Amino acid sequence: MSTYYQPPRYPASTFESMSPTDEALPVVVVGAGPVGMAVALGLAQRGIPVTILEAADQVSFGSRAICISRHSLEAAARLGFGAELEKIVLPWVGGRSFFRDEQVLHFRMPMRDFDVRPPMINVSQSEFEQIMVDTIEKNPLITLCWQSPIAGILRGDDEVTLEVDTAEGKRHLRARYVVAADGGRSRMRELAGLRLQGTSYEGRYVIADIHWESDLPAERMVWFDPPSNPGSTIIMHKQPGDIWRIDYQLDPSEDAEIETQEDAIRVRIAKHLDWLRNDLPWTLEWKGFYSARALALAEFTHDRILFAGDAAHLVPIFGVRGLNSGMEDAETLAWQLAAVVHGNADESLLAAYSFERHNAWEQNVANAGKSTLIMSPGSHGYRTTRDAILALSVRRPEFAHLINPRQSSATHARLSPLTWPVAAGTAGILPGDPVEDRKIRVVTADGVADTSLNEVRGNGFAVVGFGLDEAAGAALAAATRKLGEALSPENVRALNVDSTAVDGVVSLVAEDLAEAMGAGAGEAFVIRPDGLLLCRVAVGELSAVAESIRRGVAPEGVALPAQPMEQIAADEQRRENVWLGLSAALDQADENDREGFLARLTLLLGSQLDHVQFEEAIAAAADTSPLRVGELAPQD
C-alpha cells in the first residue's frame, strides 16, 4: 500500500475589500510556500499581524525540494515547527557517485559529537509545507487565505494596494509592506515589471517519486553513464515511508514532452531498477521536470515590495540550495522587516537584507554552478573534462573531489553593510559567519542541565560573554537590557560562558565553546536572530549595537570585514583550477584543432616532468580497461 502523502484541500477564503479609511495591514505575504510561511511565522513571533494570500487550494503536491539542511532545521525550530517536522524526517549523512557501475566517490558530511541535528534530512516539500500550515492555523496573528491569486498591484508612497481574485469577486487590500514569495513563476514579479537575470543551463531532468520497499541505504546515489541508461545521469534519494525520488537527465536530442509521459518514465525507471537486480514491486506516485537555472533580481527590495525565495532568485537544484536558501531569506527578512515595522530601524535596514541575500545567492551559485558543470555540462569543453574526471576517478581517487555535489550549507554575510569590522588577524568565527548550534549545558536552580546553544539563545538576539569577571558580567547584563529596550518586542538574551554568575544573565557550562568560536576573555559576541554573528567586541562597545541596527550600517573601522575564504586544500584547488581552465580553453579552441590543442598542451606540460613521471601519466590517462557490471553495495 502506498504511503505517498496526499495533502488536504482548503475551501476558497472570503473577505471584504478594505476602504480608504481603514488602517493599512502591516504586512501581506503573497505565496504560502515554505518561504512565505516562514516569513509570516517570524513576523508573528515579533507581534506583527500577517495576511498570507495563496493562489492554490492546497500546499504543493509532490516531493519537489526534499533535502533539508541542518541550518534549515535550526530555522524550523526557531520558527516553532521544528519539533513536529523532525518526527517524520529521514536523516542522512553522505552519498556515493558511480561512473557506469564503479564507485568513484564516497562523501560524508560532518556529524560531530557536539552537533544537535543531522547534516541533512529528506522529507517531501509537501509534508514540510503542511506542517507549516498546521502551525500557522494555531497562530492568531496569521490569516491564511486560500484560492486568492493576485490580479494587480498599485504602489503608493507609504503602502501597496493589492487586487485579489476571490470566489466572490475582486477584493482590494492595502498593506504597509508586501512580501513577494510566490515562487519561480512569480506573479508579483511580473506585475512589478521585474525580470530575473543570469544563466540558464542546458541540462534537463525528469523527476519521479516511486513507492518501493527497498533496503538500499538512505544516502545520495548518483550514476553517470549507467549501463541501464547509457549517456544519462541518474540520481536516487530515499524518503520516509519507502518513497524514492529518482531524477534522470534527458539527452539534448530527446523530446521533453514525450519523455515526461508516464509510460516513458516507467520504462526508464524499470530499466534502472532491473539493472540494480530489483525483484520488488513499485508504483509511480508523482512526476515533474526541471532545468538548471542561476537567475536573480538585481535588487530584492523595491520600495515596499520585498522579494524572497524563488521569486527573488533561482539556483541550480544540485547541492539542494533552493528551499534551504529560501529559509535563510525568510529568517533574515522577518527580523529586519519587524524592526522597521515596529519603528526600531530605518528602512535602510531593508537595503541590508537585499545586499545580504543577493550576495548569498552569489555564494550559492558559485558552488551550485560547479556542481551543475559536473551534473549537466553544457558545452563540449566541460563535457570532455567531466567525462575525463569520471574515467580518471575510477583508478585515481584524488580526482573524486571534483565530483562532490557540494551540499548546501549556511551562507555568510561577511560583506554586509550591517556586519561589524574586526581587527586583522582575528581568529575563529568572524562577523557575518553562521554560528553553529552546539550541545552545551546551562546552570539552573536545580543544577546543570543539558541543552543547546540555539535552545538557550531563543529566536532573537543573543549577547554572549566569555571569561567575564563580575564587573564585566554586570556591564554585559546592562548593555543587553538596553538593546532589548531599543529593539522591543524583539527577544534579546544575555549569556555568560564559564564566567562569574550575574543576575539577568544565563550561565553556560561549555568548556570548548570559547575555543570553537575563537573567543578571548572579555569578548562579547552578538548573534543575530537568523544565527549569523553580527559583531564580536569588548563589552564596553555593546552600547553601539542598537544604533547600528537602527541605521542598517556597521560602525566604521580601520579594518574591513574579513573577506570570505573557501576551505579547500591546496592540491584540490589546483586540480579544480586545471579542470575549469582546461574546460574553458577547449571551448575556445577551434573545433577542427582540438586534438592539436591538446597535443601542444601535453607537450608543454610534459616537458616539465621527468621521464618516469611522464610515462606514468600517459599510462594513467590511457587506462580504459572495461568496467565490470556488479551489484550495488556499500563500499568504503
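Keep in mind that what you see is a predicted model, and the values were worked out from it rather than measured.

## Re the overall build of the protein chain
So, point 1. Helix and strand counts for the protein chain come out as 17 helices and 26 strands.
So, point 2. A compact globule built from 636 residues should have a C-alpha radius of gyration of about 26 Å, and the protein chain, at 26 Å, falls within 12% of that.
So, point 3. In terms of overall dimensions, the protein chain has C-alpha extents of about 70 × 65 × 50 Å along its principal axes.
So, point 4. Considering the protein chain as a whole, with its 636 residues, one finds that 54% of them fall into the buried category.
So, point 5. Restricting the contact set of the protein chain to residue pairs at least 6 apart, pairs at least 24 apart contribute 74%.
So, point 6. Surface summary for the protein chain: the accessible area is close to 27,400 Å², and the carbon and sulfur share equals 51%.
So, point 7. With 57 positive and 89 negative side-chain charges, the protein chain shows a spacing of 1 Å between the two charge centroids.

## As for unusual backbone geometry
So, point 1. With omega at 10 degrees, the peptide bond leading from Ser-488 into Pro-489 counts as cis.
So, point 2. Here Pro-489 shows up in the loop between helix H12 (470–487) and strand E23 (492–497).
So, point 3. Even without glycine at this site, Arg-100 takes up a positive phi of about 60 degrees.
So, point 4. For Arg-100, the position within the fold is in the loop between strand E5 (94–99) and strand E6 (102–108).
So, point 5. Of the residues examined, Arg-100 reaches a relative accessible area of 36% and is grouped as partly exposed.
So, point 6. Phi is positive for Asp-242, which is not a glycine, with a value near 60 degrees.

## Brief notes about the nonpolar core
So, point 1. If you look at the biggest cluster of nonpolar residues, it comprises 109 residues, and the most contacted ones within it are Ile-52, Phe-81, Leu-162, Leu-337 and Leu-542.
So, point 2. It is helix H8 (residues 322–341) that contributes the most residues to this core, ten residues altogether.
So, point 3. The next biggest cluster of nonpolar side chains, apart from the first, holds 32 residues, and it includes Tyr-4, Phe-224, Leu-390 and Trp-579.

## Looking at helix H10 (residues 380–395)
So, point 1. The terminal C-alpha atoms of H10 lie 24 Å apart, and with 16 residues this matches the ideal 22 Å at 1.5 Å per residue to within 8%.
So, point 2. If you check which residues of H10 are buried, you get Gly-381, Tyr-382, Thr-385, Arg-386, Ile-389, Leu-390, Ser-393 and Val-394.

## Observations concerning the packing of helix H2 (residues 70–79) against H8
So, point 1. Interaxial distance between H2 and H8 falls to 9 Å at its minimum, and their mutual angle equals 40 degrees. On the basis of their axis angle, the class for H2 and H8 is oblique. Seen from above, H2 lies across H8 with left-handed handedness. In contact with His-71, Ser-72, Ala-75, Arg-78 and Leu-79 of H2, H8 contributes Asn-324, Met-327, Glu-328 and Glu-331.
So, point 2. Here the contact of H2 with H8 is composed, by residue class, of three nonpolar, three polar and three charged.

## Regarding the sheet that holds strand E26 (residues 533–538)
Strands pair in a sheet through their backbones, by hydrogen bonds, and they do so in one of two ways: parallel or antiparallel.
So, point 1. Overall, mixed pairing links the seven strands, which are arranged E21-E20-E24-E23-E22-E25-E26 in an open sheet. Looking at strand neighbours, the two that pair on one side only are strand E21 (447–452) and E26, the edges of this open sheet. Ignoring which end each strand starts from, the neighbouring axes of this sheet average 30 degrees apart.
So, point 2. Across six bridges, strand E22 (residues 461–466) lies against E23 in parallel orientation.

## Quick notes on the sheet that holds strand E3 (residues 67–69)
So, point 1. Spatially, E3-E7-E4 is the arrangement adopted by the three strands of the open sheet, whose pairing is antiparallel. Each of the sheet's edge strands pairs with one partner strand only, and the pair in question is E3 and strand E4 (90–92). Averaged over all pairs of adjacent strands, the angle between strand axes in this sheet comes to 35 degrees, irrespective of strand direction.
So, point 2. Bridge count for E4 against strand E7 (residues 120–122) is three bridges, and the pairing is antiparallel. Opposite Pro-91, over in E7, you have Ile-121 as the bridge partner.
So, point 3. Against the sheet, H2 engages E3 and E7, with an angle of about 75 degrees to E3.

## Section: the packing of H10 against helix H15 (residues 570–588)
So, point 1. Orientation of H10 relative to H15, taken along the N-to-C sense of each, is 140 degrees, at an axis distance of 7 Å. When the axis of H10 is compared with that of H15, the two are oblique. At the point where H10 passes H15, the crossing takes the right-handed sense. On H15, the residues touching His-380, Gly-381, Tyr-382, Thr-384, Thr-385 and Ile-389 of H10 are Trp-579, Leu-580, Leu-582, Ser-583, Leu-586 and Asp-587.
So, point 2. Looking at the contact of H10 with H15, its residues break down into six nonpolar, five polar and one charged.

## Focus on the confidence of the model for the protein chain
So, point 1. When pLDDT is averaged along the protein chain, the result is 92; 96% of the residues meet or exceed 70.
So, point 2. Low pLDDT, under 50, characterises residues 626–636; the predicted model gives this stretch 25 contacts beyond four residues in sequence or across chains.

## Notes on the side chain of Asp-329
So, point 1. Positionally, Asp-329 belongs in helix H8.
So, point 2. You can call Asp-329 buried: its relative accessible area is 0%.
So, point 3. A distance of 2.6 Å separates the side chain of Asp-329 from the side chain of His-313, its partner in a polar contact.
So, point 4. Among residues more than four places away in sequence, those in contact with Asp-329 are Ala-308, Gly-309, His-313, Tyr-353 and Arg-357.

## What to know about the environment of Ala-345
So, point 1. Among the structural elements, Ala-345 can be located in the loop between H8 and helix H9 (348–375).
So, point 2. C-alpha separation for the pair Ala-345 and Arg-551, spaced 206 residues apart in sequence, amounts to 6.3 Å.
So, point 3. Apart from the residues within four sequence positions on either side, Ala-345 is in contact with Ala-339, Val-340, Ile-549 and Arg-550.

Calculation criteria
- Residues numbered from 1 in each chain as written.
- Predicted model: local features only at pLDDT ≥ 70, side-chain atom pairs only at ≥ 80, totals over all residues.
- Heavy atoms only, no water.
- Helix = DSSP H or I, 4+ residues; strand = E, 2+ residues; numbered from the N terminus.
- Rg over C-alpha atoms; globule rule 2.2 N^0.38 Å.
- Buried < 20%, exposed > 50% of the residue type's maximum accessible area, 1.4 Å probe, protein only.
- Contact = heavy atoms within 4.5 Å.
- Areas by Shrake-Rupley, 256 points an atom, 1.4 Å probe, with all protein chains shown as cover.
- Lys, Arg positive; Asp, Glu negative; His and termini not counted.
- Charge placed at Lys NZ, Arg CZ, Asp CG, Glu CD.
- Core = buried A, V, L, I, M, F, W, Y, C linked by side-chain atoms within 4.5 Å.
- Expected span 1.5 Å × (residues − 1).
- Axes fitted to C-alpha atoms, helices over the stretch in contact; angles between N-to-C directions.
- Parallel < 35°, antiparallel > 145°, perpendicular 65-115°, else oblique.
- Left-handed = near helix turned anticlockwise from the far one by under 90°.
- Nonpolar A, V, L, I, M, F, W, Y, C, P; charged D, E, K, R; others polar.
- Pairing = 2+ DSSP bridges.
- pLDDT = per-residue confidence, 0-100.
- Polar contact = N/O pair within 3.5 Å; in protein donor to acceptor, adjacent residues only side chain to side chain.

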